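Tertiary structure, described
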Amino acid sequence: MKRRTADILVDEIARQGVEHVFMLSGGGIMYLADALGRGAPAHVCCRHEQAAAVAAQAYAMYKNSLGVCLVTTGPGGTNALTGCAAAYMDSTPVLFLSGQVKRADFASTRRVRQFGAQENDIVAMARPVTKYAVLVEEAHDALYELQKAVFFALHGRQGPVWVDVPLDIQACEVEEASLRRFDPDAETDCLAAADPSIAAQTRPDEAQLTFGVQKTLELLYASRRPLILIGHGLAVSRARDGFPALAAKLGVPVAATWRALGVMDHDDPLFFGSPGLQAVRSANLITQGADFLLVLGSRLDNMITAFAEPRFAHRAAKVVVDVDVNEIAKLRMTDVTPVACDAAVFLERLAAALPERLPTDFAPWRAFCAEMKARFPLHREQQAGPLRGADLYRAAEAVSAACSAEDAIVISSTSRCNTAGHIAFRRKAGQKAVSSMGFGSMGFALPSVIGVWFASSGRRVVMLEGDGSLELNIQELQTIVSHAVDARLFVFSNGGYAAIASMQDRNFDGFRVGSDAASGVLLPDLEKLAAAYGLSFKRITENDDIDAGVRETMRTPGPVLCEIVGDMRFDEIPKCISNVNAQGERVSVDLENPYPFVGQAEMDAIYAGLPQLGPPPPAKNVPRIFRGSFRPLRTIQWTFRNSLCSFSRWPATIRGALRTANASLMPSMTARRRTAAAFALPSNSSTGIWTASSIRRCGDART
């Protein structure tokens, strides 16, 4: 039986488990839109293509599955590119399906800029910000290309894909049984070559995986101050739900990137927040005090390392697990053991290798972490001066307290509300939140509310957004009203773009351009705006009003817009502010001492209280060659490591003496070669000496 290509493609989207497609109608997709309207999935009509793209991304983030955005040709596609780029940076699987002019009207066949109505080469534009982008040139290949694109989106390091379908192919009637189909098994090598992260996920290097697990055990047994940092890769893996139990078994403190908040409950005694450029002070102090760091599914971007990779967790040996080996390779850090595989696979292997009881008790380290958390709460951080209106951190804490674990959370993707929503909002275990981290575009929160509401099957959605960012997709208030979305829209109103204003104040002596009312940005009255769209409205103007105002907003049937009136001068502290050094380079302050700064004497006292390293206990479940033979050398090395110096920086005389001792204490060259072969250890057996770099890589200096 012959069917339209458009109907076949829409059916395939439904077969992939997609229940909602976010779109804006247009002539270039008339057959695809017709097919979508006549069956499943359901279609959600946004008021702007960028909003449709963002809603699809939020849908995919919340469901941890494929999102779909349907846009027309020309400006429809270009309007969606911002959402596509955001999905690419955030590793979110979104299928962008666009219309194109009919093939007979292609400008490329005439060597002109444009021939068809609204024609544009969107594939060329989308290719840099997608995992796969293709123009369907034959109806016979349409299903194949869609299936291939979806596979790329969902496998390896996830991300967006783009399929552009000419109008005449959409309308073409074909025999469905005769269509070409995508077979991933038949294209395994080709797929792995196109995207190495697919191979790392589906068939990781066994030698590297085995060595990575073994190295983790060695470092864990030898450490006194271990820390696990979980990221997006762990949060979207099948290991997410079981991770808290594994952390409890290990007894190891846990930190999380913003994308992984909610895996652990904020009040879990093992959870200690998110380190980074803008972070609760205690999280940074703990990270910088660790002696072993296990990173699970985080690319350790600049917002985490504060633009100072070499100093990030500089006291710690590190095992970094990531499906994208390039993200590990980019790191300018010492003592990194890379493991390119899925975080879930790694944790399964690690859990299987763990003994019933660990040989090391980390109670002193946990006590230190708990002391830091109690000593430096967020609400004690001092703003630069008295501020008018409500405190944003207090408001965010109050909103989080009023939320249930079942609520879906949408956080602003930029500026003050982004920071408050991640360091002041106390996430409950299992509570899912959505925000665009990598791109940080203004205007993402409102469309995200729409995507999350449909993805969550109608759960209450709580949004935290700024008044400036709200403006960029404000038309989506109508989409929210049209679908009666059960949303609580908390908007921090400070009369402009606070991040831009503070940047201009700091760098240009208070001269502002395009950041507040006096410099060109005058924002509307939110109460009148809510009335125009038919929204319930509440307002909070003082700190004393926060608790009652939040409770009243949460009790009112949605959608509700609640304005939190605050001060433009409210600062997102603590933060690693940057300055220009003597060489004219812009550098950030140390991660462990963000602004407002703690005195050096207090910093010295804090780190003097770290649980001290000593000769490690006998390791268990470790190959014999790593045990007694090395213990005298290990003791010497751990003693020097206690002074926080790396081996390569020790005086030459000491390094020479250690190399001599090392050579005399080593087992036979044959045994070394056998161990290196079994565990893929880098040894310099040809010289008869294991060098400093070999010792660091093999873990001898740590075990």
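Whatever comes next refers back to the structure up there.
What comes next is a walk through the structure. (Residues numbered from 1 in each chain as written. Predicted model: local features only at pLDDT ≥ 70, side-chain atom pairs only at ≥ 80, totals over all residues. Heavy atoms only, no water.)

**Some details on the sheet that holds strand β2 (residues 20-23)**
Taking strand neighbours across the sheet as the criterion, the six strands line up as β3-β2-β4-β5-β7-β6 in an open arrangement whose pairing is parallel. Of all strands in the sheet, those bounded by a partner on one side alone are β3 (42-45) and β6 (132-135). Across this sheet, the average inter-strand angle for adjacent strands is 20 degrees, counted without regard to direction. Where β2 lies against β3, four bridges are found, and the strand directions are parallel. Its bridge partner lying in β3, Phe22 is registered against Val44. Of the strands in this sheet, β5 (94-100), β6 and β7 (161-166) touch helix α6 (residues 142-154), which is tilted by about 165 degrees from β7. (Pairing = 2+ DSSP bridges. Helix = DSSP H or I, 4+ residues; strand = E, 2+ residues; numbered from the N terminus. Axes fitted to C-alpha atoms, helices over the stretch in contact; angles between N-to-C directions. Contact = heavy atoms within 4.5 Å.)

**Notes on the packing of helix α1 (residues 5-15) against α6**
The geometry of α1 relative to α6 is characterised by a closest axis approach of 10 Å and an angle of 25 degrees between their N-to-C directions. Taken together, the axes of α1 and α6 are roughly parallel relative to one another. Crossing angle aside, the handedness with which α1 passes α6 is right-handed. Between α1, through Thr5, Ile8, Leu9, Glu12, Ile13 and Arg15, and α6, the contact on the second element is made entirely by Ala142, Leu143, Leu146 and Gln147. Its residues assigned to classes, the contact of α1 with α6 comprises six nonpolar, two polar and two charged. (Parallel < 35°, antiparallel > 145°, perpendicular 65-115°, else oblique. Left-handed = near helix turned anticlockwise from the far one by under 90°. Nonpolar A, V, L, I, M, F, W, Y, C, P; charged D, E, K, R; others polar.)

**Comments concerning helix α10 (residues 206-222)**
Look at α10: 24 Å from first C-alpha to last across 17 residues, which is about the 24 Å you get at 1.5 Å a residue. Taking burial as the measure, the 17 residues of α10 include 13 buried ones, the bulk of the element. For α10, the capping residue at the N-terminal end is Asp205, with a side-chain oxygen 3.0 Å from the backbone nitrogen of Ala207. (Expected span 1.5 Å × (residues − 1). Buried < 20%, exposed > 50% of the residue type's maximum accessible area, 1.4 Å probe, protein only. Polar contact = N/O pair within 3.5 Å; in protein donor to acceptor, adjacent residues only side chain to side chain.)

**Some points on the packing of aromatic side chains**
Under the defined criterion, the tally for this structure stands at 11 aromatic pairs. Seen in terms of ring centroids, Phe22 and Phe454 are 6.2 Å apart; in terms of plane orientation they differ by 70 degrees. Their pairing is edge-to-face. Of this pair, Phe22 sits in strand β2 while Phe454 sits in helix α20 (residues 445-455), and the two are 432 residues apart along the sequence. For the pair Phe22 and Phe454, one class covers both residues: buried. (Phe/Tyr/Trp six-rings, centres within 6.5 Å; stacked < 30°, edge-to-face > 60°.)

**Points about the sheet that holds strand β10 (residues 254-256)**
Think of a sheet as strands paired side by side through backbone hydrogen bonds, with each pair either parallel or antiparallel. The parallel open sheet is built from five strands, whose spatial order is β10-β9-β11-β12-β13. Two strands close off the open sheet at either side, each with one partner strand: β10 and β13 (336-339). The mean angle between the axes of side-by-side strands here comes to 15 degrees, regardless of whether they run parallel or antiparallel. The sheet contact formed by strand β12 (residues 317-321) and β13 spans four bridges and is parallel. Across the sheet, the residue bridging to Lys318 is Val336, located in β13. In this fold α10 packs onto β9 (226-230), β11 (292-296), β12 and β13, with an angle of close to 140 degrees to the strand it touches most, β13.

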